[in-house]
Amino acid sequence: MVNLIWAFLAVTGIIYAAFNGTMAEVNKAIFSTLDEAIMITLSLAGVLIFWLGLMKIAEEAGLLAGLAKIFRPFVKRIFPEIPENHPALGYILSNMTANMFGLGNAATPMGLKAMKELKELSGSDKASRSMITLLAINTSSLTLIPTTVIAIRMKYDSQDPTSIVGATILATIISTIAALLIDRYFHYKRERAMRL
Amino acid sequence: MISIWLIPSIILLVLVTATIKKVPSYEVFVEGSKEGIQIAISLLPFLLGMMVSIAVFQASGAMGAIVKLFEPLMSLFGAPAEILPLAFIRPISGTAALSMTTELIRTFGPDSFIGQLASVMQGSTDTTLYIITVYFGAVGIKRMGDALKVGLLADLVGIIASIIIVIILFS
């Protein structure tokens with residue numbers, strides 16, 4: 001699926017540019033994006049290196065296990081496949097907590113580490129059920145405080161920059177619940193298809 | 001803001017707990033950090049490839065054309081057409097969505113209906129394509145199963161939900 005989307009975006013873009021007379025823009029976009037991708041990876045690398053180091057300490061100090069213990073009943077329902085006391089649970093919870101507080105920078109390293117643990121659990125290059133669930137939670141975003149948006153609103157002299165917080169939380173809750181339900185639906189559909 | 005205190009507090013909590021429990025914190029830090037380098041490097045091809053494809057699609061004007069195509073459908077639901085490009089680009093490109101949100105807030109004002117709607121849309125969902133690329137790319141997942149379908153459908157629900165909520169709360 002990703003192969004199709006990837007090729008589709010580029011192919012349609014190039015063909016459209018041929019008729020639209022925007023080939024120069026396309027050319028420019030290709031090379032400026034290469035730079036941008038390197039820059040993003042570099043800044044991501046800094047964050048990854050720092051947080052994975054810190055989280056390793058948290059793991060050794062028993063903090064992640066503690067976090068996993070507190071939320072075990074809740075997380076067990078969402079991720080029934082992960083064995084109890086598995087380190088993946090601690091990373092998933094850190095990822096969710098960081099997301100909730102709008103710490104996207106801290107959330108990504110923890111999410112990636114969780115994915116790595118999940119991959120070791122499944123031992124295959126196919127996305128496992130837990131991986132899809134973790135992804136669904138992350139794509140629907142759990143933000144409680146949309147810091148970036150508030151900053152933009154302040155910059156343009158909003159009367160009440162935080163007025164949208166309530167609405168954002170509500171929308172986030174709805175999209176996260178929808179993500180979990182849609183994820184479940186596809187999981188059961190897969191299972192049925194396997195049995196038949 | 002609480003968020004200014006949050007990260008330093010986490011660092012403090014981790015380091016104090018580790019020291020009390022006699023974990024060799026600096027050595028463990030370095031050991032864990034190395035994994036970060038590895039993940040970042042293995043991520044690069046996935047991210048770079050996807051970003052170029054999206055950039056070509058956008059720069060050619062094809063993105064804008066598709067958005068135009070869907071405009072009538074949007075006004076059918078009582079949502080302003082100005083918000084449509086953002087709704088479309090939000091799951092695809094985070095930086096593009098952020099600049100669009102900024103532009104909408106700047107043009108229509110942060111407290112206008114469109115400004116509020118753009119704020120909620122920007123804040124309540126995340127960039128699905130980027131997250132899939134990064135999360136699966138970093139650990140080398142080649143067959144992603146239903147992940148993309150789940151992510152995009154959830155985005156759709158989130159966008160519809162933000163429109164309804166903002167209409168109820170602010171207009």
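J.: Is there a simple way to explain the overall build of chain B in this structure?
T.: In terms of regular secondary structure, chain B is built from eight helices and zero strands. Overall, chain B shows an N-to-C arrangement of helices and strands of α-α-α-α-α-α-α-α. Computed over C-alpha atoms, the radius of gyration of chain B comes to 21 Å, more than 25% over the 16 Å expected from 2.2 N^0.38 for 171 residues, which places it beyond the range of a compact globule. Summarising its shape, the C-alpha atoms of chain B cover approximately 65 × 40 × 30 Å along the three principal directions.

J.: What's the story with the packing of helix H3 (residues 63–70) of chain A against helix H5 (residues 87–100) of chain A in this structure? I'm lost.
T.: Think of two packed helices as two axes; the pair is described by the angle between the axes and how far apart they sit. All names here are of chain A. Relative to each other, H3 and H5 sit at 80°, their axes nearing to 8 Å. Our classification of the angle between H3 and H5 gives roughly perpendicular. Note on element contacts: H5 touches H3 through Leu 89, Gly 90, Tyr 91, Leu 93, Ser 94 and Thr 97, opposite Leu 64, Leu 67 and Ala 68.

J.: It is not clear to me how the interface of chain B and chain A should be interpreted in this structure. Could you clarify?
T.: Accessible area lost on assembly of the parts is the figure often given for the size of an interface. Across the boundary between the two partners, chain B contributes 91 residues, which contact 93 residues of chain A. Of the roughly 8,000 Å² buried between chain B and chain A, counting both surfaces, carbon and sulfur atoms make up 78%. At the surface where chain B touches chain A, the tally comes to five salt bridges. Asp 125 of chain A serves as the salt-bridge partner of Arg 143 of chain B, at 3.1 Å between the closest nitrogen and oxygen. Linking chain B with chain A are 26 residue pairs in polar contact (both at pLDDT 80 or more), by the criterion used here. Looking at the side of chain B that touches chain A, the elements that each hand over two or more residues are helix H1 (2–20), helix H2 (25–59), helix H3 (62–76), helix H5 (94–108), helix H6 (113–124), helix H7 (128–139) and helix H8 (147–170) of chain B. For the side of chain B that touches chain A, the element with the highest residue contribution is H2 of chain B, accounting for 26 residues.

J.: Just to check I follow, could you spell out the nonpolar core for this structure?
T.: The tendency in soluble globular proteins is for nonpolar side chains to be buried as a group. Ranked by internal contacts, the top residues of the largest apolar core, which has 98 residues, are Phe 79, Met 115 and Leu 135 of chain A together with Ile 83, Met 121 and Phe 136 of chain B. Setting aside residues no more than four positions away along its own chain, Leu 135 of chain A makes contact with Met 115 of chain A together with Ile 131, Ile 132, Tyr 135, Phe 136 and Ala 147 of chain B.

J.: Would you explain the packing of H5 of chain A against helix H7 (residues 129–139) of chain A in this entry?
T.: Residue and element names in this part refer to chain A. For the pair H5 and H7, the least separation of the axes is 11 Å and the interaxial angle reads 10°. Judged by the angle between their axes, H5 and H7 are roughly parallel. Contacts between H5 and H7 involve Ile 92, Asn 95, Met 96 and Asn 99 from the former and Leu 134, Ile 137 and Asn 138 from the latter.

J.: What should I look at first to understand the environment of Ala 161 of chain B in this one?
T.: Looking at the secondary structure, you find Ala 161 of chain B in helix H8. Here the alpha-carbon distance between Ala 161 of chain B and Leu 129 of chain B, two residues 32 residues apart in the chain, equals 20 Å.

Rules and cut-offs
Residues numbered from 1 in each chain as written. Chains lettered and ligands numbered in written order. Predicted model: local features only at pLDDT ≥ 70, side-chain atom pairs only at ≥ 80, totals over all residues. Heavy atoms only, no water. Helix = DSSP H or I, 4+ residues; strand = E, 2+ residues; numbered from the N terminus. Rg over C-alpha atoms; globule rule 2.2 N^0.38 Å. Axes fitted to C-alpha atoms, helices over the stretch in contact; angles between N-to-C directions. Parallel < 35°, antiparallel > 145°, perpendicular 65-115°, else oblique. Contact = heavy atoms within 4.5 Å. Buried area = accessible area lost by both parts, 1.4 Å probe. Salt bridge = Lys/Arg side-chain N within 4 Å of Asp/Glu carboxyl O. Polar contact = N/O pair within 3.5 Å; in protein donor to acceptor, adjacent residues only side chain to side chain. Core = buried A, V, L, I, M, F, W, Y, C linked by side-chain atoms within 4.5 Å. Buried < 20%, exposed > 50% of the residue type's maximum accessible area, 1.4 Å probe, protein only.

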